[in-house]
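So you can see what is in the structure, the chains are spelled out below.
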Amino acid sequence: MFFRGTYFYNFRNLTSERREWNNGFNLVTGPNGAGKTNFLEGLNLISGWGPFERSAKISGLVRWGLESGTGGASLWGGLDGEGRYEIFASLSSRCQLKCDGKPSGATEMRRRVPVLSFLSGSMSLIKGGASHRRQMIDRVGALISTPYAKRLYDYRRALRQKTALLRGYRDARAVDGVLASLGSWLWLTREEIARMICSELIFFSELLPAPLEFFFERGGGGLEKDPAEDFKLSLAARRDRERASRAPLVGPQRDDVRFSCGGRDASAALSRGQSRRTAAALMLACARLVERCLGRKPVLIFDEMTSELDESGREAIVDALLATGCQVFAAATDALDYNGIAAYRINNGRFT
Ligand SMILES: Nc1ncnc2c1ncn2[C@@H]1O[C@H](COP(=O)(O)OP(=O)(O)O)[C@@H](O)[C@H]1O
Ligand SMILES: [Mg+2]
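None of these values were measured; they are calculated from a predicted model.

Caption draft 1: Quick peek at helix α8 (residues 272–294). In a regular helix each residue adds 1.5 Å, so 23 residues correspond to 33 Å; α8 covers 33 Å between its end C-alpha atoms and thus fits that length. Looking one or two residues beyond α8, the residue adopting positive phi is glycine 295, at roughly 70°.

Caption draft 2: Structural view of the environment of glycine 60. Here glycine 60 shows up in the loop between α1 (36–46) and β4 (73–80). For glycine 60, a count of 11 C-beta atoms within 10 Å translates into the label exposed. Separated by 167 residues in the primary sequence, glycine 60 and proline 227 place their C-alpha atoms 41 Å from one another.

Caption draft 3: The site of ligand 1, seen in detail. Inspection of the region around ligand 1 gives 15 residues, with Asn13, Lys36, Thr37, Asn38 and Trp64 positioned closest. Of the residues that constitute the shell around ligand 1, the class distribution is four nonpolar, eight polar and three charged.

Caption draft 4: Region of interest: the sheet that holds strand β13 (residues 328–332). With mixed pairing, six strands are arranged side by side in an open sheet as β8-β12-β13-β3-β14-β15. The two strands at the open ends of the sheet, each matched to only one other strand, are β8 (115–118) and β15 (350–351). Two strands pair when backbone bridges link them, and strand β12 (residues 299–302) and β13 are joined in this way by three bridges, in the parallel orientation. The residue of β13 that forms the bridge with phenylalanine 302 is alanine 330.

Caption draft 5: Examining the nonpolar core more closely. By size, the foremost hydrophobic cluster in this structure holds 92 residues, and its most contacted members are Val140, Leu282, Ala285, Cys286, Leu300 and Ile301. The element contributing the most residues to this core is α8, with 11 residues. Of the residues that make up this core, three or more belong to each of domain 1 (1–114 + 296–352) and domain 2 (144–294).

Caption draft 6: A look at the environment of glycine 325. Considering the arrangement of structural elements, one finds glycine 325 in the loop between α9 (311–324) and β13. Each C-alpha atom, one on glycine 325 and one on arginine 94, is 34 Å from the other, the two residues being 231 residues apart in sequence.

Caption draft 7: Focus on the sheet that holds strand β10 (residues 256–261). Taken in spatial order, the three strands make up an open sheet running β9-β10-β11, and their pairing is antiparallel. Single-partner strands in this sheet number two, and they are β9 (212–217) and β11 (264–265). Summarising the sheet, β10 and β11 pair through two bridges and their orientation is antiparallel. Bridge pairing in β11 places cysteine 261 opposite arginine 264.

Caption draft 8: How the structure looks around the pairing of β12. Alternating positions in β12 separate into two faces, Val299 and Ile301 on one and Leu300 and Phe302 on the other, with burial throughout. Across four bridges, β8 lies against β12 in parallel orientation. What sits directly across from phenylalanine 118, in β12, is phenylalanine 302. In this fold, β12 hands off to α9, which returns the chain to β13; that crossover is right-handed.

Caption draft 9: Spatial organisation of the pairing of strand β3 (residues 25–29). Burial analysis of β3 places four of its five residues in the buried class, which makes it a mostly covered element. Sheet analysis places β3 next to β13, joined by five bridges and oriented parallel. Across the sheet, threonine 29 pairs through a bridge with alanine 332, a residue of β13. By the bridge criterion, five bridges tie β3 to strand β14 (residues 341–347) in an arrangement that is parallel. Paired with asparagine 26 across the strands is alanine 342, a residue of β14.

Scoring rules and cut-offs
Residues numbered from 1 in each chain as written. Chains lettered and ligands numbered in written order. Predicted model: local features only at pLDDT ≥ 70, side-chain atom pairs only at ≥ 80, totals over all residues. Helix = DSSP H or I, 4+ residues; strand = E, 2+ residues; numbered from the N terminus. Expected span 1.5 Å × (residues − 1). Buried ≥ 20, exposed ≤ 12 C-beta atoms within 10 Å, placed from the backbone. Near = placed C-beta within 6 Å. Nonpolar A, V, L, I, M, F, W, Y, C, P; charged D, E, K, R; others polar. Pairing = 2+ DSSP bridges. Core = buried A, V, L, I, M, F, W, Y, C linked by C-beta atoms within 7 Å. Domains from an automatic or database assignment. Right-handed = clockwise from strand over helix to strand, strands pointing away.

As structure tokens, this is what we get:
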């Protein structure tokens, strides 16, 4: 699947103009504040993933200073490849999506036009906090498993209820049943997704300093193999502590995936550069897995792709990305001189 063209209208600081894209590697470069991330965010939005910052208000994405009543912002994308679609998002107070003229839900859009975005935090997949690793699994899960996004959403909603009850010193056991059923399904599914991502890593071994092993850690669990049983037992074992800390301590919100390299914890064993190459290998493994499950090549978005990488690291990542045959949109401050890359320069929101 690839974007053959886009037209973003009144979106953030970007000039409203139609652009055609290369079906391979597109590299957008420009100084800080030029609009690189804004452009990538536009692609993320029309493909059903929402703004890069989950809590961002949609109305804040419309170009500042527009008179009210001018119709907000809109995004258009023409896709080709394993299917031909025209997708559209209109942004005012909400984001409404259309595919080939018909209203489309976000889940439906994500599966039809698979896009995988990796922001600067993704480069911290190994050394950074657990939320980066959960996010990686969630992105893949939302693409390859139909009920994943809905169950995660329902789980989070129930979790907010439980948090509110605990904060108010009230009995939260009424919500625990729902949490246990959704949470244990998420544990099982995330474990399986992490295993599948890691099994694709063999195709990117040139990026890895040593073979990588993974361990999925159920948040606050691990007392039993069976996830439903584990959830119940762990809740019972931590009930007093949950009450004392007034926060839910068991469940997917505390999951982690730990990596080890040659028997040692990867976050300690790898240098910064090595951990970034390893992170890139994981992202490529995600892309391969999505392609294998959906039968379509995902579009890959990489913001700040080259930050903190040396020349050989950059070259290895660009080579591996080119070899996937996926359409890539990458942003970097400095231009890269590689064969096979279509380079675009952006300044003050305008492509030159
Ligand atoms: N709704 C908006 N309307 C106009 N400009 C915006 C809007 N939102 C952000 N910007 C501007 O976009 C610029 C940031 O663009 P960004 O894509 O993050 O830059 P970079 O090229 O460094 O990734 C900032 O200068 C910011 O002021
Ligand atoms: Mg940026």
